[in-house]
Amino acid sequence: MSAHGIHHVTAFASDTARTIDFYTRVLGLRLVKKTVNFDDPGTYHLYFGDEAGNPGTILTFFPIAQAAPGRVGIGQVSETAFRVPRSAIGDWTHRLVSLNVAHEAPVSVFGETVLRFRDPDGMPLALVGVEGAEAEPAWAAEGIAPETAIRGFHGVTLLLRGAEATAAILTDALGFEEAAREGSQIRLSSGAGLGGFVTLRAVGDFLPGRQGAGSVHHIAFRAADDAVQAAMTERLSDRHGLSVTEQRDRQYFRSVYFREPGGVLFEIATDAPGFAIDEPAAELGTGLKLPPFLEPHRDRIEAVLPKVA
């Protein structure tokens, strides 16, 4: 599998317990890490993914109680899509109906069947039926058959005023190349099986996005290791004049951040060390994990966090 592609997507939510319920029970993802926002330890940082939380499967949330709703607009992710076997779209439609999850009728996009719906905060999501995905490993939660389960990300769609400058960043520095065009949409592919697509939707003048519950905070792209990340950072700086942050240790990966020309916050995250660094693989997501610099403050942090199972 290519080392390029989406590493994770991070969004805002308004209710911790409801978010855990929706993404684990309804969509069947695994809660692989329960930690806090390292920059705001009074807020959870929840990670959902496959069994091991592999890059390309990880959707994370900062749940902020009673957060105002976000608004999708220019400079934001307008859709986060998961890949499922093509034959599973009918089963997923039935599941969304049975669980009273509002959804749209399936449509064809770039020759693939897409089932669109929203999470409880209104975050736009989709399931994309992919031929051959049934042969890929999957985390099968209760009530969801392995042959139906989500495999990981298919990709994201960015809503932009213009696509050219963003496309240049993705193709020159982040390992993508143009794969197809359909109407106002440009699809870029990294060749990865998981998180391999970014679709750019250029709409000209439109309302700017507003961050809040149900909106994406940033997209992280994969770097195999520190050296690859450094090379990507150098290219962004030297060839595109972008300001990139210093590397930050996020315990489960190491990250740098920058704002791409279209206004979306991008991150480059290393594949290593992964989520089993501080708890056994079989117990991922069961306890509140804190980085060493916050561990001395555990009692105070736990006192202000909402109680969840």
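Residues numbered from 1 in each chain as written. Predicted model: local features only at pLDDT ≥ 70, side-chain atom pairs only at ≥ 80, totals over all residues. Heavy atoms only, no water.

- In the nomenclature of an unreviewed UniProt entry, the protein chain corresponds to Ring-cleaving dioxygenase from the organism Methylorubrum podarium.

Some thoughts on the sheet that holds strand β9 (residues 152-160)
In step 1: Strand order in the open sheet formed by eight strands is β6-β7-β8-β5-β9-β12-β11-β10, with mixed pairing between adjacent strands. Every interior strand has two partners, whereas the edge strands, β6 (107-109) and β10 (177-182), have only one. Taken over all neighbouring pairs, the strand axes of this sheet differ in orientation by 30° on average, direction set aside.
In step 2: Relative to strand β8 (residues 124-130), strand β5 (residues 76-85) is paired through six bridges, and the arrangement is parallel. Directly across from R83, in β8, lies its bridge partner V128.
In step 3: Here helix α2 (residues 89-98) sits on the sheet in contact with β5, β7 (112-118) and β8, set at roughly 15° to β7. (Pairing = 2+ DSSP bridges. Helix = DSSP H or I, 4+ residues; strand = E, 2+ residues; numbered from the N terminus. Axes fitted to C-alpha atoms, helices over the stretch in contact; angles between N-to-C directions. Contact = heavy atoms within 4.5 Å.)

A short note on the packing of aromatic side chains
In step 1: Taken as a whole and judged by the stated rule, the model has 14 aromatic pairs.
In step 2: For the pair F176 and F221, a centre-to-centre distance of 5.8 Å together with 85° between the ring planes defines the contact as edge-to-face. With a gap of 45 residues between them, F176 in the loop between α3 (164-172) and β10 and F221 in strand β13 (residues 216-223) connect regions that are remote in the sequence. Taken as a pair, F176 and F221 share a single burial class, namely buried.
In step 3: Taken together, the ring pairs connect F22, Y23, F48 and F61 into an aromatic cluster.
In step 4: Here the guanidinium or amino end of R30 rests over the ring plane of W139, the centre of that ring lying 4.9 Å away. (Phe/Tyr/Trp six-rings, centres within 6.5 Å; stacked < 30°, edge-to-face > 60°. Buried < 20%, exposed > 50% of the residue type's maximum accessible area, 1.4 Å probe, protein only. Lys NZ or Arg CZ within 6 Å of the ring centre and 35° of its normal.)

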